Amino acid sequence: MNKHSSLRSASDLEAAGLVSPLERLDIEDVARRFSVAITPAMSELIQGSPQEDPIAAQFVPTGRELVWSADELSDPIGDDAFSPVKGVVHRYPDRVLLKPLHVCPVYCRFCFRREMVGPEGEMLASSELDAALAYIADNPAIFEVIVTGGDPFALSPRRIGRIVKALSAIDHVGVIRFHTRVPVVAPERITAELIESLDSPKGVFVALHANHVRELTPAAGAACTRLVKAGIAMISQTVLLKGVNASAEELSALFRALLGLRIKPYYLHHGDLAKGTGHFRTTIAEGQAVMRQLRGSLTGLGQPTYVLDIPGGHGKVPIGPGYLDDGENGYIVTDPRGNRHDYRG
């Protein structure tokens, strides 16, 4: 196995020393159902088994993915029910998802689209992309287009540029947002050509998916800096994951590192009900407890919104802890240290 190649099979993982021959049998079963890919940038960071190492936990498959609970779903957030044309998901009046491809450079073991993405994942044909763009152009309520997939930065700069140019020509589109893991998992792809392809008179945002501070290597930081210096605003999204980041200490380290790169933490996602991901999910109460700790110890700039994507396509809602209760003569407010105070207002 070339050390500069991505790991894409159980035999690749065994050859790289990331799984044992016995574990390989389970992983072959997993790989028949869910895609596997680990880029060199991530495989070089792995320092133990998925039970020991937060990077391995995110990318190295295990037999636990074959354990499914009754409430887990193939399409946990209801993309299919809100897809008026191929490649578009329209769940909110003022924004849509545009999914030009279903391929990623890495396949996260907790992904909510894990049944849809993979090396066989289709890319929109030119006519299908035209139809998706026409839908956006024909719906003047759409203000923001979120380009996702798959990972849109797995596209060539030429294809990215075509999408940006087409969206920029639609008067009512004000924001174009790309959701990607590429600056972390394949930072070498953030080239001058890719950055140039993002040029637009509209507001262009890049939402970086990062879950652990160790993902922010010097190469990843340099890739993000190239984007920011080009005038592209960056935000981040993180999934709350057991065995990866489910503590205030781990998340504080990540969010502070992101802020140092001029990336605003935006969303902390509660784990979705994707099949075979139960070993990653915390309870909501556990997530709220972590958010309470963060409120008292982390700058407001570093506070993401803790959100749940309601299964079935009903939308994303904040589920953070509450600090305000009704009192006899007004309210009772709980401060970040847990002390309660009367407030008349």
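Residues numbered from 1 in each chain as written. Predicted model: local features only at pLDDT ≥ 70, side-chain atom pairs only at ≥ 80, totals over all residues. Heavy atoms only, no water.

> Explain the side chain of arginine 109 to me, and be specific about the residues and the numbers.
In this structure, arginine 109 sits in the loop between β2 (95-98) and α5 (126-137). On the accessibility criterion, arginine 109 (1% relative accessible area) is buried. (Helix = DSSP H or I, 4+ residues; strand = E, 2+ residues; numbered from the N terminus. Buried < 20%, exposed > 50% of the residue type's maximum accessible area, 1.4 Å probe, protein only.)

> Pulling in residues and values, what's your account of the environment of phenylalanine 205?
Here phenylalanine 205 lies in strand β5 (residues 203-209). Between the C-alpha atoms of phenylalanine 205 and isoleucine 170, which are 35 residues apart in sequence, the distance is 17 Å. Setting aside anything within four residues of it in sequence, one finds phenylalanine 205 in contact with Val175, Ile176, Arg177, Phe178, Ala233 and Ile235. (Contact = heavy atoms within 4.5 Å.)

> So, the nonpolar core: which residues are in play, and what are the values?
The biggest cluster of nonpolar side chains holds 81 residues, and the ones touching the most others in it are Leu98, Val145, Phe153, Leu167, Phe178, Leu198 and Leu208. Discounting residues that sit within four places of it in the chain, phenylalanine 153 has contacts with Ile160, Phe178, Thr180, Val182, Arg189, Ile190, Leu194, Leu198 and Val206. (Core = buried A, V, L, I, M, F, W, Y, C linked by side-chain atoms within 4.5 Å.)

> Please set out the packing of aromatic side chains residue by residue, giving values where relevant.
Aromatic rings considered in pairs are described by the distance between their centres and by the relative angle of their planes. Taken as a whole and judged by the stated rule, the model has 4 aromatic pairs. Judged by centre distance (5.7 Å) and plane angle (75 degrees), the ring pair of phenylalanine 110 and phenylalanine 280 falls under edge-to-face. Within this pair, whereas phenylalanine 110 is found in the loop between β2 and α5, its partner phenylalanine 280 is found in the loop between β7 (263-269) and α11 (284-297), the two being separated by 170 residues in sequence. Note on phenylalanine 153 and phenylalanine 178: the rings are 5.5 Å apart at their centroids and 35 degrees apart in plane angle, and the pair reads as tilted. Of this pair, phenylalanine 153 sits in the loop between β3 (144-147) and α6 (157-168) while phenylalanine 178 sits in strand β4 (residues 175-180), and the two are 25 residues apart along the sequence. Each member of the pair, phenylalanine 153 as well as phenylalanine 178, is classed as buried. The aromatic ring of tyrosine 92 is capped on one face by arginine 95, whose charged end is 4.0 Å from the ring centroid. Sitting over the face of the ring of tyrosine 323, arginine 292 holds its NZ or CZ atom 5.2 Å from the ring centroid. (Phe/Tyr/Trp six-rings, centres within 6.5 Å; stacked < 30°, edge-to-face > 60°. Lys NZ or Arg CZ within 6 Å of the ring centre and 35° of its normal.)

> Requested: an account of the pattern of salt bridges, with residues and values cited.
Scanning all chains against the criterion turns up 19 salt bridges. Residue aspartate 29 pairs with arginine 32 through a salt bridge whose shortest N-O separation is 2.3 Å. On the accessibility criterion, aspartate 29 (33% relative accessible area) is partly exposed. Where aspartate 325 meets arginine 340, a salt bridge forms, and the shortest distance between an N and an O atom there is 3.3 Å. One end of the pair, aspartate 325, is in strand β10 (residues 324-327); the other, arginine 340, is in strand β12 (residues 340-343), with 15 residues separating them in the sequence. Classification of arginine 340 by relative accessible area gives exposed; the value is 51%. If you follow the salt bridges from partner to partner, you end up with Glu14, Arg24 and Glu28 in one network. (Salt bridge = Lys/Arg side-chain N within 4 Å of Asp/Glu carboxyl O.)

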